[in-house]
Amino acid sequence: MLEMIVAGFLSVFTLKTIMLIVAGVILGIVFGAVPGLNTAMAVALCLPITYTLDAVNGIAMIMGLFIGGASGGLISAILLNIPGTAASIATTFDGYPLMKSGQAGKALGAGIVYSFIGGFLSMLALIFIAPILSELAIKFSPIEYFAVALFSLTLMATLSGKSMVKGLISGFMGFCIAMVGTSPIDLTERFTYGKIELMSGFSMIAVLTGAFAIAEILKSAKESMNSPTGGAVVTDFTIKGFGFSLKEFFSQTGNCIKAAVVGILIGILPGIGAGTANIVAYTTVKNTSKYPEKFGTGIIDGVVASETANNASVGGALIPLLTLGIPGDVASALLIGGLMIHGISPGPMLFATNAGLVYTIFAALMLANVAMIILEYVGMRLFVKVLAVKKYALLPIIAILCCVGAYGASNRVFDCICLIFFGIYGYVMSNLKFPLAPMIIGFILGPMAETNLRRGIMAVDGNIWMFFTRPIAVCFFAATIISVVMTIRQRRKEARRNA
């Protein structure tokens, strides 16, 4: 293995390959940072370019896109409270409050460093334990996936803020939004009212970008009307290193490890993705913290949890992709297409037939991770200058880019209309103090829970008790019960403390 790793690094240490990796990382950061755009779009845009490249250079560029896209979302999440991608939703919870308190440098620095660490740890997992973890993942039937989704849905209570009732209502609304369209398994139309556009449901980009980006644009526009500076933030941005001390760095070791483990494990499970990983990791770190009440007020712990997990999920997602040929999301599916263009077929035989190129992928990921931390560190001072732009000039540009992203996902004007609708919906919900995070959990995980519940019932011929005969599923059911009990106890303690 050591010889193969060395050979992989030697194959990417050429000027052309390094330049392509850097170009891929830069483009990935841009697509990750701009609301409405995402890594899948960047990969789709660059796939035609890889036709003219050899296998090593084509794969290296795509790996750069993956790493840059995973990390780029933190920039807009921290500076504008607008997650560039679904993988950076939880970064807004503490990153933006840190920026508002004058610690933009610390928030950006922590996000960049722990994005690098999360990616590095996931790549170690990819290199050394991929076969073991892939064997575990292949044992997951619909019953196990349902158990995972059910456990993840309990996180709504943790992210409900001060009012659990409002949080649960918000989560229920997310689930209802996801039910629009054709139902899984039997393809029955639900809540379409005869509209063809609704048959495929609401686009995830339209819902997430609308609820967070457009809603934040409306909120910022209102605030800037009464601002003497036009909404621009005047800041003397001085930073030493990455903006935080060694003491703070070492104090986050436990949070980093927990978030990385969550990110890698969720990344391994196809169909869940980094959008869920960052929220689950955030709530895991919050629930195990000595000061959970400080989360959401602007502490470095929240940024560490989210950014470590979403980058760790990249390596995790590549484990089933390379070893089993199972893509975890759209971007991974496009990556399979990119590999097959160069005659590489992901699957159990990949390590036997193309071991050299597999370790080239590992080396390209490592190099792209290093390029990411260097490029984002150099660009930190440039990123913060966005805050000095008057909002009446900045917000229309962001709104247009959001519309472009929503339209580009499926080439439908209907998605642009949905974008505006969910923007207004998110704005109204925020004004009424309804948290948006539970809605996103319901929207993402609701369909996963429903689909796998129905598949699981079909697999056991309607005998629901068979769900409790599978050890992995039983573990997640037990974790669900424990999570609910602990949340209720914590809420009661808070109520007594407030009283």
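Just so you know, these numbers come straight off a predicted model, no measurement behind them.

Undergrad: I'd love a proper account of the overall build of the protein, names of residues and values included.
TA: When helices and strands are tallied, the protein shows 22 helices and 2 strands. Relative to a compact globule of 499 residues, whose C-alpha radius of gyration would be 23 Å, the protein shows 22 Å and is just as compact. With respect to the three principal axes, the spread of C-alpha positions in the protein is 65 × 65 × 50 Å. By the burial criterion, 57% of the 499 residues in the protein qualify as buried. Across the protein, contacts joining residues at least 24 apart in sequence account for 79% of those joining residues at least 6 apart. Accessible surface for the protein amounts to roughly 21600 Å². Of this, 71% is attributable to carbon and sulfur atoms. Within the protein, one finds 31 positive and 21 negative side-chain charges whose respective centroids are separated by 11 Å.

Undergrad: So, the packing of helix H2 (residues 15-33) against helix H4 (residues 55-80): which residues are in play, and what are the values?
TA: It is at 6 Å that the axes of H2 and H4 come closest, and there the two elements cross at 30 degrees. When the axis of H2 is compared with that of H4, the two are roughly parallel. For the pair H2 and H4, the crossing hand works out as right-handed. Between H2 and H4, the contacting residues are Lys16, Thr17, Leu20, Ile21, Gly24, Val25, Leu27, Gly28, Ile29, Gly32 and Ala33 on the first element and Val56, Asn57, Ala60, Met61, Gly64, Leu65, Gly68, Gly69, Gly72, Gly73, Ile75 and Ser76 on the second.

Undergrad: Any chance you could break down the side chain of Asn452 for me, citing the residues and the numbers?
TA: Position of Asn452 among the secondary structure elements: in helix H21 (residues 437-459). At 2.8 Å, the side chain of Asn452 and the backbone oxygen of Met448 are in polar contact.

Undergrad: Can you tell me about the nonpolar core, naming the residues and giving the values?
TA: Soluble globular proteins tend to pack their nonpolar side chains together in the buried interior. One finds Met63, Leu79, Tyr114, Leu322, Leu335, Leu339 and Leu365 to be the most contacted residues of the largest nonpolar core, which totals 96 residues. Looking at this core, the element that brings in the most residues is helix H18 (residues 355-384), giving 17 residues. One finds Ala149, Phe202, Leu208 and Ala259 within the second-largest nonpolar core, a separate group that totals 57 residues.

Undergrad: I'd like to hear about helix H6 (residues 104-128), residue by residue, with values.
TA: Taking 1.5 Å as the rise per residue, H6 with 25 residues should run 36 Å; its terminal C-alpha atoms sit 36 Å apart, in good agreement. With 20 of 25 residues buried, H6 lies mostly within the body of the structure.

Undergrad: Any details on the packing of aromatic side chains? Residues and values, ideally.
TA: Within this structure, the stated rule accounts for 16 aromatic pairs. Between Tyr359 and Phe362, the aromatic rings sit 5.2 Å apart at their centres with planes inclined by 85 degrees, giving edge-to-face as the arrangement. Here the residue Tyr359 and the residue Phe362 both occupy positions in helix H18, the gap between them amounting to 3 residues, near one helical turn. The buried category is assigned to Phe362, whose relative accessible area is 3%. In textbook terms, an aromatic cluster arises when at least three aromatic residues are bridged by ring pairs, as seen for Phe146, Trp465, Phe467, Phe468 and Phe477. Looking at Lys166, its charged tip hangs above the ring of Phe434, at a distance of 5.3 Å from the centre.

Undergrad: How would you sum up unusual backbone geometry? Please name residues and give values.
TA: Phi at Tyr193 is positive, roughly 50 degrees, even though this residue is not glycine. In this structure, Tyr193 sits in the loop between strand E2 (189-190) and helix H11 (204-225). A positive phi is found at Asp461, a non-glycine position, where the angle reads about 55 degrees. One can find Asp461 in the loop between H21 and helix H22 (471-498). Accessibility expressed as a relative area gives 74% for Asp461, which makes it exposed.

Undergrad: I'd like to hear about the side chain of Ser71, residue by residue, with values.
TA: Inspection of the secondary structure assignment puts Ser71 in helix H4. Not counting chain neighbours up to four residues away, the residues in contact with Ser71 comprise Ser115, Glu307, Asn311, Met372 and Glu376.

Undergrad: Account for a nonpolar patch on the surface, naming residues and giving values.
TA: Judged by side-chain polarity, Leu218, Ile420, Ile424, Val428 and Leu432 come together as a nonpolar surface patch covering roughly 410 Å² of accessible area. For the nonpolar patch, the element with the highest residue contribution is helix H20 (residues 413-431), accounting for 3 residues. Mapping Leu432 onto the fold places it in the loop between H20 and H21.

Undergrad: Just give me the short version of the environment of Ala495, but keep the residues and values in it.
TA: Following the sequence through the fold, Ala495 ends up in helix H22. Along the sequence, Ala495 and Pro320 sit 175 residues apart, while their C-alpha atoms lie 44 Å from each other.

Undergrad: For helix H8 (residues 142-153), give the residues involved together with the corresponding values.
TA: In this model H8 runs 16 Å from its N-terminal to its C-terminal C-alpha over 12 residues, within 8% of the 16 Å that 1.5 Å per residue would give. The element H8 is extensively covered by neighbouring structure, given that 9 of its 12 residues are classed as buried. Within H8 the residues assigned to the buried category are Ile143, Glu144, Tyr145, Phe146, Ala147, Val148, Ala149, Ser152 and Leu153.

Undergrad: An account of the packing of H4 against H18 is requested, with residue identities and associated values reported.
TA: Where H4 contacts H18, the axes come no closer than 8 Å and their chain directions differ by 35 degrees. The two elements H4 and H18 meet at a crossing, and its hand is right-handed. Of H18, the residues touching H4 (which contributes Ala55, Val56, Ile59, Ala60, Met63, Gly64, Ile67, Ser71, Gly72, Leu74, Ile75 and Leu79) are Leu357, Thr360, Ile361, Ala364, Leu365, Ala368, Asn369, Met372, Glu376, Phe383 and Val384. Among the residues forming the contact of H4 with H18, the class breakdown is 17 nonpolar, 5 polar and 1 charged.

Undergrad: Which residues make up the pattern of salt bridges, and what values do they have?
TA: Counted according to the given criterion, the structure contains 5 salt bridges. The salt bridge partner of Glu450 is Arg190, with a shortest N-O separation of 2.6 Å. In this pair, Glu450 sits in helix H21 while Arg190 sits in strand E2, placing the two residues 260 residues apart along the sequence. The exposure classification of Glu450 matches that of Arg190, with both residues buried. Salt-bridge contacts for Arg412 lead to Asp415; the nearest nitrogen and oxygen are separated by 2.8 Å. A residue is classified by how much of its surface remains accessible, and Asp415, at 0% relative accessible area, is buried.

Undergrad: Run through the environment of Met448, naming residues and quoting values.
TA: Structurally, Met448 can be placed in helix H21. For Met448, a relative accessible area of 11% puts it in the buried group. Between the alpha carbons of Met448 and Gly241 there is a distance of 42 Å; along the sequence they are 207 residues apart.

The rules we used
Residues numbered from 1 in each chain as written. Predicted model: local features only at pLDDT ≥ 70, side-chain atom pairs only at ≥ 80, totals over all residues. Heavy atoms only, no water. Helix = DSSP H or I, 4+ residues; strand = E, 2+ residues; numbered from the N terminus. Rg over C-alpha atoms; globule rule 2.2 N^0.38 Å. Buried < 20%, exposed > 50% of the residue type's maximum accessible area, 1.4 Å probe, protein only. Contact = heavy atoms within 4.5 Å. Areas by Shrake-Rupley, 256 points an atom, 1.4 Å probe, with all protein chains shown as cover. Lys, Arg positive; Asp, Glu negative; His and termini not counted. Charge placed at Lys NZ, Arg CZ, Asp CG, Glu CD. Axes fitted to C-alpha atoms, helices over the stretch in contact; angles between N-to-C directions. Parallel < 35°, antiparallel > 145°, perpendicular 65-115°, else oblique. Left-handed = near helix turned anticlockwise from the far one by under 90°. Polar contact = N/O pair within 3.5 Å; in protein donor to acceptor, adjacent residues only side chain to side chain. Core = buried A, V, L, I, M, F, W, Y, C linked by side-chain atoms within 4.5 Å. Expected span 1.5 Å × (residues − 1). Phe/Tyr/Trp six-rings, centres within 6.5 Å; stacked < 30°, edge-to-face > 60°. Lys NZ or Arg CZ within 6 Å of the ring centre and 35° of its normal. Patch = residues over 30% accessible without salt bridge, like charges linked within 9 Å, V, L, I, M, F, W, Y side chains within 5 Å. Salt bridge = Lys/Arg side-chain N within 4 Å of Asp/Glu carboxyl O. Nonpolar A, V, L, I, M, F, W, Y, C, P; charged D, E, K, R; others polar.

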